[in-house]
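Understanding the architecture of this molecule
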Amino acid sequence: MEQIKDAQIMRLIERVGEHYKTNISNRYVRPALLQLQLDKTTWDHIESLTEKFEQYRYEGFHLDELYRQIASTARFVAATRREVAPSLRYRLSDGGSSGPDRVLRDMAVNTFSSNLELFAKLLCELYNKVKDIDAANATNKRPYYEQAPEFGDLDDLILNG
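Each chain carries its own residue numbering, running from 1 in the written order of its sequence. Where local features are concerned, this predicted model is filtered to residues with pLDDT of at least 70; where side-chain atom pairs are given and counted, the filter is 80 or more; whole-chain, interface and lining totals use all residues. Think of the side-chain values as coming from all heavy atoms in the structure, minus any hydrogens and water.

Quick look at the overall build of the protein now. We count a stretch as a helix when DSSP gives it H or I for four or more residues in a row; a strand needs E for two or more, and each element gets its number in order from the N terminus. Summing up its helical and strand segments, the protein has ten helices and two strands in all. Listing every helix and strand of the protein by position from the N terminus yields β-α-α-α-α-β-α-α-α-α-α-α. Whereas a compact globule of 161 residues would reach a radius of gyration of roughly 15 Å, the protein reaches 17 Å, a difference of no more than 12%. Projected onto its principal axes, the C-alpha positions of the protein cover 60 × 30 × 25 Å. Residue exposure (1.4 Å probe, protein chains only): buried if accessible area is under 20% of the type maximum, exposed if over 50%, otherwise partly exposed. Each of the 161 residues in the protein was classed as buried or not, and the buried ones make up 46%. For the protein, long-range pairs separated by at least 24 residues make up 82% of all intrachain contacts whose partners lie at least 6 apart in sequence. The accessible surface values rely on the Shrake-Rupley method and a 1.4 Å probe; as for residues, cover is taken only from the protein chains in view. Summed over all atoms, the accessible surface of the protein reaches about 8500 Å², with 48% contributed by carbon and sulfur. Note that the radius of gyration is over C-alpha atoms, with the globule rule given as 2.2 Å times the number of residues to the power 0.38. For this analysis, residues touch if any pair of their heavy atoms sits within 4.5 Å.

Attention now goes to the layout of surface pockets. Residues are said to line a cavity or pocket when one of their atoms sits within 4 Å of a point; the points come from a 1 Å grid over protein atoms alone, cavities being sets where a 1.4 Å probe fits but cannot get out and pockets being open sets with protein on both sides within 12 Å along at least five of seven lines. Grid points are joined across faces, edges and corners, and a volume is the space filled by probe spheres set on the points. Of the pockets and cavities examined, the largest pocket occupies roughly 150 Å³. Around the largest pocket, the lining residues are Tyr20, Lys21, Ser25, Arg30, Leu33, Leu34, Trp43, Ile46, Glu47, Thr50 and Glu51. If you tally residues by element for the lining of the largest pocket, the top one is helix 3 (residues 40-51), at five residues.

Before going further, it helps to spend a moment on the environment of Asp132. Tracing the sequence through the fold places Asp132 in helix 8 (residues 112-137). Of the residues examined, Asp132 reaches a relative accessible area of 53% and is grouped as exposed. Once the C-alpha coordinates of Asp132 and Pro143 are considered, the two residues, eleven residues apart in sequence, prove to be 9.2 Å apart.

What follows is about the packing of helix 1 (residues 7-24) against helix 3. Convention adopted: a line fitted to C-alpha atoms gives each axis, helices being fitted over their contacting stretch, and angles between N-to-C directions are expressed from 0 to 180 degrees. Packing of helix 1 against helix 3 leaves a shortest axis separation of 7 Å and a crossing angle of 110 degrees. Classed by the angle they form, the pair helix 1 and helix 3 counts as roughly perpendicular. Counted together, Ile13, Val16, Gly17, Tyr20 and Lys21 of helix 1 and Trp43, Ile46, Leu49, Thr50 and Glu51 of helix 3 form the full contact between these two elements. Angles below 35 degrees are treated as roughly parallel, those above 145 as roughly antiparallel, those between 65 and 115 as roughly perpendicular, and all remaining angles as oblique.

Each reported salt bridge corresponds to a side-chain nitrogen of Lys or Arg within 4 Å of a carboxyl oxygen of Asp or Glu. Within the structure shown, the criterion is met by five salt bridges. When the shortest N-O distance is used, the salt bridge between Lys40 and Asp44 registers 3.1 Å. Remark: Asp44 and Lys40 occur in helix 3; sequence separation between them is four residues, near one turn of the helix. The partner of Glu83 in a salt bridge is Arg82, with the nearest N and O atoms 3.5 Å apart. What you see here is one network of salt bridges that share partners, running through Asp64, Glu65 and Arg68.

So yeah, pure geometry; function would need other evidence.
Right, dumping it as structure tokens:
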């Protein structure tokens, strides 16, 4: 399977990972995210996409694996929208925190929904750029996302899931 080393895609993956670590899965929100009913493979794919960028920087991403990581992250976004975002404030106890720590926790909770939407837009942009490269490189054959139906309409899951 083809390896993706496109600089624009690599920068986008790096941005997705940074946004995820800083605004989605930070120390204040992570306990609520870990309550999501996602299988281990899905969590592994999310981790590979958002936290193991250095591992892929030079060798590139295998196209099929990148699609799987994007699909798993899309399922995460949809589940988080449905199960976590509406009740985040109630899921997280303040744990007796006070002062600056409490302020930071409140900021993370108050901005979570908008940060999740920004994350979804970044993920959708990444998905569409990967599709463009896939289509451009698919000479005399169908692009991979057309061969694997589960990857064909991820943008709808990401943005509306």
